[in-house]
Amino acid sequence: MGPNMITNFDLFAIIPEILILILIVIVMVVDVFRKKIENNNIISWITFIGLTFIILITALFLFPGDEMDYAWGGMIRVDAASFTFRLIVLVGAAITTLFSMYHQEVNNKGEYFAMLLVSVIGMSMMAASSNLIMLYLAIETTAIPLYVLVGFLTKNNFSVESGLKYFLFGALTSAVLLYGFSLLYGFSGSTHFAEILVAIEASKIPTGLLFFILLLTVVGFGAKISGFPFHFWAPDAYQGAPTPIAGYLSTASKAIGFIVIMRFMVSIFSSEPQSWTLLLAIIATASMFVGNLLALVQKNIKRLFAYSSIAHAGYILIGVASGTTLGFKASMYYLLAYLFTNLAIFGVIHIVEKSTGSNEIDAFKGLMKRNPGLALVFLIAVLSLAGIPPFGGFISKVLVFMAAIDANLIWLLIIGIINSIIALYYYLTVLRITFTDSEEIESQAVYYGWKLALAVCVLGIIVFGVIFSPWLNWLEVASTNLMLFH
Amino acid sequence: MENNLLFYILILPTLAAILVVLLPTTSKKIIRWTAFGASLIPFLLSILLWFQFDRTQPGFQFEVQIPWFTAIGSSFHFGIDGISLPMVLLSTILTPLAILASYNIKDQVKAYMALFLFLETGVLGVFISLDLLVFFLFWEIGLIPMYFLINQWGGAKRNYAALKFILITMAGSLGLLLSIQIVGLTIGSFDMDKIYELWPGLSEANFQKVIPLGLSLSAVKTIAFWAFVLAFAIKVPVWPVHTWLPDAHTEAPTAGSMILAGVLLKLGAYGFIRFVIPLFPVEANRYAGALAALATAAIIFGALAAFAQKDLKRLVAYSSINHMGFVVLGIAAAAYAWQSTDQGIITSATIALNGSILQMFNHGLTSAGMFFLVGVVYDRTHTRQLDELGGLWAILPRYGAIFVFTAMAALGLPGLNGFVSEFLVVRGAWHIFPLATALSMIGLFLTGVYILKAIAGVLHGPRNDLWIAIPEINTREVWVIAPLMVLMLWIGVWPASMLNLINHAVNFFF
Amino acid sequence: MGFPILSVTIFIPLLAGLIILLFGRQRQSWIRPIALVASSLVLLLTLILWASYSIEQAGYQFIEYIPWLPDLGISYHLGVDGIGIAMLVLTGLVVFTGVLVSWNIENRPNEFFSYLMFLATSVLGVFSSLDLFLLFFFLELAVFPKYLMIVIWGSPKTRNYGGMKLTLYLFIGSVLALIGALAIYQASPERTFDLLLLENAGFSPEMQRIWFPFVFLGFAILGGIFPFHSWAPDGHVAAPTAISMLLAGVEMKVGVFAALRVGIMLLPEGAKHWATWILVLATINVVYGAFIAMIQKDFKYVIGFSSVSHMGLVLIGFASLNYDGLLGAGLQMFSHGVMTALFFSIVGMVYDRTHTRDIASLGGLYKIMPWATIGFIIGGLVSMGMPGLSGFIAEIPIYMGVWRVAPIVAIISVISIVVTAAYILLVVRKVFFGDLPQEFEGKIKDITIKDKIAIGVLSLFMIVIGLVPGLMVPLIETGVNHILVILGGA
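Residues numbered from 1 in each chain as written. Chains lettered and ligands numbered in written order. Predicted model: local features only at pLDDT ≥ 70, side-chain atom pairs only at ≥ 80, totals over all residues. Heavy atoms only, no water.

Undergrad: Please clarify how the packing of helix H5 (residues 132–141) of chain B against helix H7 (residues 158–187) of chain B should be interpreted in this entry.
TA: Between two packed helices, the angle of one axis relative to the other and the distance separating the axes together describe the packing. Residue and element names in this part refer to chain B. H7 packs onto H5 with a crossing angle of 165° between their chain directions and a minimal axis gap of 10 Å. Considering their axes alone, H5 and H7 lie roughly antiparallel with respect to each other. For the pair H5 and H7, the crossing hand works out as left-handed. Across the interface between the two elements, Leu132, Leu133, Phe136, Trp139 and Glu140 from H5 touch Met170, Ser173, Leu176, Leu177, Ile180 and Val183 from H7. For the contact of H5 with H7, the class distribution of residues is nine nonpolar, one polar and one charged. (Axes fitted to C-alpha atoms, helices over the stretch in contact; angles between N-to-C directions. Helix = DSSP H or I, 4+ residues; strand = E, 2+ residues; numbered from the N terminus. Parallel < 35°, antiparallel > 145°, perpendicular 65-115°, else oblique. Left-handed = near helix turned anticlockwise from the far one by under 90°. Contact = heavy atoms within 4.5 Å. Nonpolar A, V, L, I, M, F, W, Y, C, P; charged D, E, K, R; others polar.)

Undergrad: Honestly, the environment of Leu217(C) in this entry has me stumped. Any pointers?
TA: Residue and element names in this part refer to chain C. Summarising the element assignment, Leu217 is placed in helix H9 (residues 205–223). Since its relative accessible area comes to 26%, Leu217 is described here as partly exposed. Separated by 38 residues in the primary sequence, Leu217 and Gly255 have C-alpha atoms spaced 9.6 Å apart. What Leu217 contacts, discounting residues up to four positions off in sequence, is Leu176, Phe212, Ile225 and Phe228. (Buried < 20%, exposed > 50% of the residue type's maximum accessible area, 1.4 Å probe, protein only.)

Undergrad: Teacher, can you tell me more about the packing of aromatic side chains here?
TA: How two aromatic rings sit relative to each other is set out by the distance from centre to centre and by the angle between their planes. If you walk through the whole model with that rule in mind, you get 77 aromatic pairs over all chains. A centroid spacing of 5.4 Å and a plane angle of 90° characterise the contact between Phe193(A) and Phe264(A), whose relative ring orientation is edge-to-face. Of the two residues, Phe193(A) is situated in helix H9 (residues 193–201) and Phe264(A) in helix H12 (residues 243–268); the sequence distance between them amounts to 71 residues. Residue classification places Phe193(A) among the buried residues on the basis of a relative accessible area of 1%. Exposure remark for Phe264(A): the relative accessible area of 0% places this residue in the buried category. Their ring planes at 55° and their centres at 6.2 Å tell us that Phe334(C) and Phe461(C) sit as a pair that is tilted. Of the two residues, Phe334(C) sits in helix H14 (residues 323–354) while Phe461(C) sits in helix H19 (residues 449–467), which places them 127 residues apart along the sequence. Under the relative-accessibility criterion, Phe334(C) is labelled buried at 3%. When its relative accessible area of 18% is taken as the criterion, Phe461(C) is described as buried. (Phe/Tyr/Trp six-rings, centres within 6.5 Å; stacked < 30°, edge-to-face > 60°.)

Undergrad: Before we go on, may I ask you to explain the side chain of Arg476(B) in this structure?
TA: Relative to the assigned elements, Arg476(B) resides in helix H20 (residues 475–493). Among residues more than four places away in sequence, those in contact with Arg476(B) are Leu100(B), Ala101(B), Ser102(B), Tyr103(B) and Asn104(B).

Undergrad: I keep staring at the interface of chain A and chain C and nothing clicks. Help me out?
TA: Buried accessible area, meaning the area lost when the parts come together, often serves as the stated size of an interface. On the side of chain C, 35 residues touch chain A, which itself brings 36 residues to the contact. Taken together, the connections running from chain A to chain C amount to zero salt bridges. Seen at the junction of chain A and chain C, the total is four residue pairs in polar contact (both at pLDDT 80 or more). Among the secondary structure elements, those contributing two or more residues to the side of chain A that touches chain C are helix H16 (367–370), helix H17 (372–386), helix H18 (392–406), helix H19 (410–435), helix H20 (448–466) and helix H21 (469–483) of chain A. The leading source of residues in the side of chain A that touches chain C is H19(A), at eleven residues. A breakdown of the residues in the side of chain A that touches chain C according to their chemical character gives 27 nonpolar, six polar and three charged. (Salt bridge = Lys/Arg side-chain N within 4 Å of Asp/Glu carboxyl O. Polar contact = N/O pair within 3.5 Å; in protein donor to acceptor, adjacent residues only side chain to side chain.)

Undergrad: Quick question: what am I supposed to make of the environment of Thr9(C) here?
TA: Inspection of the secondary structure puts Thr9(C) in helix H1 (residues 5–23). Setting aside residues up to four positions removed in sequence, Thr9(C) forms contacts with Val42(C), Leu45(C), Thr46(C), Leu49(C) and Leu124(C).

What follows is the structure in structure tokens.
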């Protein structure tokens, strides 16, 4: 294909993004014209319905199956992996939208949803990028709206501060990343992953430098997935952001970080797997320990689950660090199950926060008595995080552990297991508080939109825990094709 | 019916116990009479057994075998021979009498009666078991009702006494259990027929294959022998493992002591005869002398201790040790002679063993009687201290006569049963263990001393005015003691009735 | 495939639990009847299983098989042999009597009974699983109901500590076993989780020797093996009555059962290699447990440590790896399960009325609750191995089995019989006989009819098996013979 010809295939490849753009326009327009009354959820509903529509279209018509190909002159790669992660992002955004309803400071503002949608576009592009420039553009397209969203609660100093922190941290890591990219370009002469790989295999880049580049890129991507030691932004950001956004960050944004790592490692550093597998394994170990141990002492529930999130990034990294198809498949499955799980967690936190006005752990006291349905959803989600059947978290953990065995990373396996045990302690404690210790607190009405979101999440958690064959087959394709890079 | 007679005798008391439990609690009278009536049935059946038993036949009769734990080779195998038949008879005679003696128990009568009946099944089971494991089963089962009888209805120190009783006995049984397991494992079955057949001829190699103990067969046999001996010795009791007895007998309720002394002690002696000697002849022979020495010690020390007592019941308790010593002496003689070729020794041993078994029966009668009489006095005076009693002859002449009669039987007065059995033992043991026997005769003398002291303490001497108005021995009580007295006289005057049976069995034994 | 009786049995409690959980709040009066009906059905079904199991045919019966994830060799595979059926019956019994004994729970009954039902499903599932993955699936299902039940309804002072300790320990144990299980999966030629295939997989001796400790120890922790047993007394005592019954009566058996199924049957060479160690630890269990029980001041702790001691006997039976030992172990699993359920239920009855478990403050309860006393005495007799009851039937083969292998163990373990007798008799005398303390006079009532039924049913089983062992022995034998084939062949 000639450099200036935009083929049908190219357009076809980005239909979802085009649709999202249209949705953004609709949202902004409606925002201008709607009545400015309290709790008017029309924008959120429009966003949600729009996203659902897009999800359906994508799922039903755009599954690439076994094919993989480049589009837009090699900028993006259309394969099952990018499809999967695009779906993850879309679903995550849809559920986040549902949770954002009735939340006064955000659902009145069309910009909120517009920013959300822009970040969706960015993330989808990140998942599909096969070119350094595309990748960087996508990263920034994602990051900037996210910075805004995190600090969205302008009246809350802490929120603004955490937004700022996130921005600074993100900007810094992006700069590091860019430096790494520039080095890659400089030595290989191309920005396209496949061509860079050719250059590396032809030994155009000295090994030491390659390793340095690896470190640089790991800094950037590590921040995205909130792995140690690039996680410092996470607890504050999660705590300060509007809770639905925290949920979104911890699931969709993290997922995208992972697919980028996977693609990047497999394509650019595939000739020296030992270097990055070991590095990632170390980061995984550190993330798990730091996340779990610090979660033990938290009193704020959002921070607790922020640290829990960091730990889970560690578990997922185990799958990536094994560097095999099984490993990638395991990580992808984990991210899918984790999507529903963590969104549910933050959703519940959000609802409790609305009624009690606090997000200390104590706000959950006796939740079972005042709002049993909510407590049960919380229970299911926490148990899934702890890795207890019959929920998705169990299957995910088993898969990741099997990947570790398969790759002979027994030490990593043992660390993962030890950490599961540590984590169980605080998960059980949270559950205990939820189920005992009753307090006289008003129960919060759970609105329809929230109920829908929670139902979808629970369904997801259980389905991924029990009927996992179809997903695994699909992911098998995704991960295999991911590895077959050229 | 004939073939299952033993089984019925065994099971009826339990069924009766269950029946008693189901009766309404309020009507004590019905409970008592039901229990008594029900206990008479096994007695009648055992009389039937007595007459149907063919004493000229060796081996066991009325055998019953019901599969139980086939996976390890154990079954409910019962049978009776001339050695166990007197014991069965003794048990079935004493139980109704004990129940009759307990009519003045007012507290929780139902439980009391039920426990007695369960106890009867337990002791009967021991005597008729022809399977080692089942023997052990009944041996242990018998402990529980007795524990509760002492614990619930006993005297002041009953908690201590009951616990001591059961723990010491169980501790002794541990070695027994282990040894039984060894035997069962190496033979592949717990059935006595097989064991009698295969155990003597067990080869070293076969043994080592089964149990990798690292010890030689003879060493294991010695250890097992002592384990068996210990368990049975505690029961008899042989000095020096007799310490549980005085407390248990003293603190138990009257009827409890009757059965305890009358029957339970015999379980141990029976175990010696049935198992220790046939299974471990070499070791038994080797250590027979030690056994005889211990028997003598029991006789002498038992008598001396009895003499020293101020409590009447405790005196009678020690007298049991004294009398059972004779039983053990006779057994020791038999042990020595088991595989001997010397006809003289065999004859003496036969006589001695005859005496032992008869003494078991006799002592059962006399000690039950003595304990009962102690109970009669206690019910009226609420004391058992000899210095508080005294001069009762004048107040209770009938009781006095009965008391003297029974005491004389215990003493071994010729013409009453005690004499016959003690004479036989001494006569037989003299040839084999002259020294021990000589010393034992001193014990005989001492027996007279303490018995007379007892009589004097209770019946003679200055009258204590507290007791002037106490009632005479009543009809029910007479009914309890009368059968015993009749038997004491009967056996004293015509011992052949019992000895015939025993003699045949003992002859077959050798 | 026929009627999927195993699946039905397993999932009835789950269904009942869900119904109770979702609708119980509005319809309070339905909760207990639903629970009772479900547990009675389960008991009935397990008894039917027992009756319909064909002894001549032996082997695994009532098989159900649905592929679940063929790529990874995971399938929904159910089936039971003789030992499994005994365990299912035990579960049915304990859950049934547990429901009866908990009838008067006032605090959040809908949650209580629904979690109890979930626990039942988990346990029934483990006993019936013929797929390693499925086994873990069911096993882990129990984690949260256990924790929540202790923490919400347990005894106020110790429930948080006891519940967390128990859950963490058990989780650690199951995770340890999971590592071993994954290794087994990894090493299997067909890359499968299916137990039947794995039995014939022919693992190398080195592999077996390395991984056996993981699997066996991991599961044995759930069974309370020394020195990882301390969760048992604390956890059991902290738990509410029905949960103590289930935990000690059934969950501990889940542990040793899985140790048998996955450890011994899949890795026989490993078992033979490590048998001596197991014997050592198990003997310590038996003796140490008994001695510690003797010095306890809390009534429930006595029973808790007594369980540790008796589970040691099961492990001894396993470790002898011969016919007698395995037979005895299987019987002991059943007998001890029933006995300990009985014990804990009575302790619960006492506590509900007197609100204390301090032995020194109790006394004379026989006058008020004679049935409970008799029940406790029967349980106590079983505990000391009194012949005529199921405890003796179980212990004799175990001793005989270990004689063949390590006679010294038999000699040492036998001490525990007397020690057990001592503390049982002392506890009985102090708590049930003697004088009723002043504060209880006129204030406490006898146990309810349901309690009596529970006691009666449990006692009946122990007596009947004790007198007629032939009812259960052939059943267990089928499982034992199969294991012997595996041990002999491998």
